[in-house]
Each structure stands twice: as C-alpha cells, then as structure tokens.
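Topology and contacts: notes
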Amino acid sequence: IRNQLAKAEKMDAVSQMSAAISHEIRNPLTSVKGFLQLLQENSYPEEKKKEFIKIAMDEIDRAEVVINDYLTFSKAALEKEEEIEVGNELEQVLKTFEHKAIQSGINIQTTFVPGLSIRGDKVKFKQGLINLLKNAIEAMPGGGTLTIRTYRSDLEIHILINDTGIGMTEEQLSRLGEPYYSTKGKHGTGLGMMVTFSIIRAMRGKVDVNSRPGKGTSFRIIFPSY
Ligand code: ADP
Ligand code: MG
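The name given to the protein in an unreviewed UniProt entry is histidine kinase, with the source organism recorded as Mesobacillus zeae. The heading Subcellular location (unreviewed entry) in the UniProt record of the protein holds the text "Cell membrane". The UniProt entry for the protein carries this comment under Catalytic activity (unreviewed entry): "ATP + protein L-histidine = ADP + protein N-phospho-L-histidine."

The strand order across the open sheet formed by 5 strands is β2-β4-β5-β7-β6, and the pairing between neighbours is mixed. Pairing within the sheet leaves two strands with one partner each, and these edge strands are β2 (106-111) and β6 (206-212). Across this sheet, the average inter-strand angle for adjacent strands is 10 degrees, counted without regard to direction. Here 8 bridges tie strand β4 (residues 144-153) to strand β5 (residues 156-163), and the two strands are oriented antiparallel to one another.

Turning our eyes to something else, we now look at the site of ligand 1. Asn135, Ala139, Ser182, Gly188 and Gly192 are the nearest of the 22 residues found near ligand 1. Counting only elements with at least two residues in the shell around ligand 1, the list comes to α5 (122-138) and α7 (192-202). It is α5 that provides the largest number of residues to the shell around ligand 1, a total of 3 residues. For the shell around ligand 1, the residue count by class is 8 nonpolar, 12 polar and 2 charged.

Residues that lie three or four places apart on an α-helix share one face, since the helix turns once every 3.6 residues. Between its terminal C-alpha atoms α5 stretches 24 Å, which fits the 24 Å expected from 17 residues at 1.5 Å a residue. Burial runs high along α5: 13 of the 17 residues are buried.

With a phi close to 50 degrees, Asp154 is a non-glycine residue in the positive phi region. Here Asp154 shows up in the loop between β4 and β5. C-beta crowding within 10 Å serves as the criterion here: with 5 such atoms nearby, Asp154 is assigned to the exposed category. Its identity is not glycine, yet Arg204 carries a phi of approximately 60 degrees, on the positive side. Note on placement: Arg204 falls in the loop between α7 and β6.

Scored by pLDDT, the protein comes out at a mean of 86, with 86% of its residues at no less than 70. The element-level mean pLDDT for the protein is lowest in helix α1 (residues 2-41), coming to 71, with β5 highest at 98. Predicted complex metrics record ipTM = 0.99 and pTM = 0.77.

With their axes 10 Å apart at the nearest point, helix α3 (residues 86-95) and α5 run at an angle of 50 degrees to one another. By the angle between their axes, α3 is oblique relative to α5. In this structure, α3 meets α5 at a crossing whose hand is right-handed. Contacts from Glu89, Leu90 and Val93 of α3 reach α5 at Lys122, Phe125, Lys126, Leu129, Ile130 and Leu133.

With respect to the helices and strands, the residue Gln40 is situated in helix α1. Residue Gln40 is classed as exposed on the basis of its 7 C-beta neighbours within 10 Å.

Residues Val86, Leu129, Leu133 and Met203 are the most contacted members of the largest nonpolar core, which totals 32 residues. Those elements that place two or more of their residues in this core are α3, α5, β4, β5, α7 and β7 (216-224). Discounting residues that sit within four places of it in the chain, Val86 has contacts with Leu116, Ser117, Ile118, Thr150, Ile157 and Ile159.

Contact geometry of α5 with α7 gives a least axis separation of 9 Å together with a crossing angle of 140 degrees. With respect to α7, the element α5 is oriented oblique. Between α5 and α7 lies a crossing of left-handed hand. Touching Lys124, Phe125, Gln127, Gly128, Asn131, Leu132, Lys134 and Asn135 of α5 are Gly192, Met193, Val195, Thr196, Ile199 and Ile200, all from α7.

A few words now on α3. The complete set of buried residues in α3 reads Val86, Leu90 and Val93. Burial along α3 is one-sided: seen end-on, the buried residues are contained in an arc of 70 degrees. Looking at the buried positions of α3, the neighbouring elements they touch are β1 (82-85), β3 (117-120), α5, β4 and β5.

Definitions and cut-offs
- Residue positions are counted from 1 within each chain, in the order its sequence is given.
- The order in which chains are written sets their letters, starting at A; the order in which ligands are written sets their numbers, starting at 1.
- Side-chain atom pairs in this predicted model are given and counted only at pLDDT of 80 or more, local residue features only at pLDDT of at least 70, and totals for whole chains, interfaces and linings cover all residues.
- UniProt positions are given in the numbering used here, feature names are shortened, and annotations may be inferred rather than shown by experiment.
- Between any two strands, pairing holds if DSSP finds at least two bridges.
- The way it works is that DSSP assigns letters per residue, a run of H or I at least four long becomes a helix, a run of E at least two long becomes a strand, and they are numbered from the N terminus.
- Lines fitted to C-alpha atoms define the axes here, with helix axes fitted over just the stretch in contact, and angles between the N-to-C directions of these axes take values from 0 to 180 degrees.
- In this entry, near means the residue's backbone-placed C-beta atom lies within 6 Å of the molecule or strand.
- Just so you know the grouping, Ala, Val, Leu, Ile, Met, Phe, Trp, Tyr, Cys and Pro go in nonpolar, Asp, Glu, Lys and Arg go in charged, and all remaining residues, Gly too, go in polar.
- Each residue after the first adds 1.5 Å to the expected span of a helix.
- Each residue is classed by its C-beta neighbour count within 10 Å, where at least 20 other C-beta atoms makes it buried, 12 or fewer makes it exposed, and intermediate counts make it partly exposed; the C-beta atoms are placed from backbone geometry.
- Every residue is assigned a pLDDT by the predictor, reflecting its confidence on a scale from 0 to 100.
- Roughly parallel means an angle under 35 degrees; roughly antiparallel means over 145; roughly perpendicular covers 65 to 115; every other angle is labelled oblique.
- For any pair of crossing helices, the crossing counts as left-handed if the nearer helix is rotated counterclockwise from the farther one by less than a right angle, and right-handed if it is rotated clockwise.
- We call two residues in contact when the distance between their C-beta atoms, placed using the backbone, is within 7 Å.
- As used here, a nonpolar core is made of buried Ala, Val, Leu, Ile, Met, Phe, Trp, Tyr and Cys residues. They are joined through C-beta atoms within 7 Å.
- An arc is given here, and it is the one of the directions from the helix axis to the C-beta atoms.

Below is the structure:
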C-alpha cells in the first residue's frame with residue numbers, strides 16, 4: 001500500500017507539472033504565433049510593427065521564466081531513484097546563487113553535516129531547492145542572511161532554510177504552494193512552490209514553514225534517511 005501511495009503521489013506531481021507547463025507555455029506561444037501571422041499577412045506602419053514585436057518578445061520572456069521555475073536542470077527528464085548526498089547538492093545549487101546573493105548584499109551561512117543521504121531524483125531535488133532558495137533571495141532585496149543547515153535526527157534528515165527577508169502574513173502563508181499564487185506581479189509565476197512541494201511529497205518528505213512579516217521565513221524539510 002505504501003508503494004502504491006508513493007507512486008500515486010509521483011503521478012500527481014508529474015501531471016500537475018505538465019498541466020501547468022502546457023497552460024503557461026502554450027498561451028504565450030499562441031500569442032506569439034498570432035502576432036507573427038498578423039505581421040506576415042498585413043503591412044503595418046513601422047510603429048505598429050515595433051509594438052507587436054515588443055509584445056511577442058515579452059511573451060517569450062514570460063515563457064522563459066516559467067521554464068526556469070520548472071526545469072533549470074532539465075537534461076535528465078527521466079524520473080530516477082538514486083542516493084542523494086544532501087550537502088553536495090546544496091553546495092552545487094548554492095553556487096548558482098552566489099552572484100545574485102553578493103549583488104543583493106546577502107550573506108550565506110551554511111552548516112552541512114557530511115554523509116547525510118536521502119533517496120529520490122537528483123535533478124528534481126535540485127529544482128525544488130532552487131525554487132526555495134530563489135524565493136529566499138528574492139525576499140531580501142535589501143540584503144540579509146540566508147542560513148542553511150542540515151542534520152540527522154533519529155531516522156530522518158532535516159534541511160533548514162532560513163531567510164531574514166520580508167516574510168509572509170498568515171494569509172500569504174496559507175496560500176503558499178497554491179498554483180499561480182504570487183505576490184510578485186509580472187515578476188512571479190506562482191508555480192515555484194507548487195513544484196517544490198510536489199517534489200518533496202514525491203520523495204516522501206514533509207515541509208514545515210514559519211514566517212513573520214518583516215522578520216523572515218524558515219523552511220524545515222524532513223526526509224526519511226537512507
Ligand atoms: P513566485 O516566486 O513566482 O511568486 P512561488 O510559488 O515561488 O511563486 O512563491 C509564491 C509566493 O510565496 C511568492 O510570491 C511570495 O509571496 C511567497 N514566498 C515564497 N517564499 C517566500 C519567502 N522566502 N519569503 C517571503 N515570501 C515568500
Ligand atoms: Mg518563486
């Protein structure tokens with residue numbers, strides 16, 4: 001029964017993601033195609049052409065942002081179940097944020113206990129972390145501290161991610177992970193946390209979130225150890 005449940009949860013994650021991807025990517029593609037057709041079939045004044053091209057480019061940018069929230073490490077599309085050394089993956093993902101963190105005046109503090117392993121798909125696990133860390137960094141536009149720790153407790157592996165950013169109200173916190181829920185306007189997709197939660201669930205993990213407006217947010221992710 002346990003196994004079937006895990007499989008059902010994986011299906012859930014995959015089908016949720018593909019539904020959202022097709023929605024979020026197909027719309028901009030359709031609109032870009034429409035503008036190209038207009039330009040092909042009619043002759044417009046230079047001004048009008050520029051306007052159409054600008055809209056089409058914005059739509060493409062938008063699709064790119066959505067793809068980034070889902071598939072930063074998109075090479076391995078196959079779902080794998082492998083041993084994941086948590087600290088190694090965190091180090092790797094953090095490297096991709098170093099530049100952004102320095103730019104925003106964010107200090108990153110890490111304490112990784114070596115040799116903590118969990119099971120799952122490495123690519124997906126990294127994507128889940130990326131979405132979380134991206135939010136943490138975006139929550140500290142004026143600088144702050146990002147603290148990441150790992151440790152083992154009984155038969156579980158804990159990953160703690162804490163930021164000193166803008167935080168969330170209770171209402172915002174309760175909507176976290178809802179598809180398309182974003183407070184970032186055109187800079188957000190509202191898909192990142194849905195993807196992250198799906199991935200963690202598919203890996204039989206749990207998440208606890210605490211947040212206080214103006215103080216910051218902390219995530220505790222707990223996986224069965226391996
Ligand atoms: P997006 O980042 O595109 O808005 P997400 O699904 O990644 O979408 O996050 C949804 C919303 O949750 C964000 O718009 C933000 O309001 C809130 N949020 C997520 N993580 C944090 C955080 N670390 N600090 C403050 N707010 C956060
Ligand atoms: Mg996000």
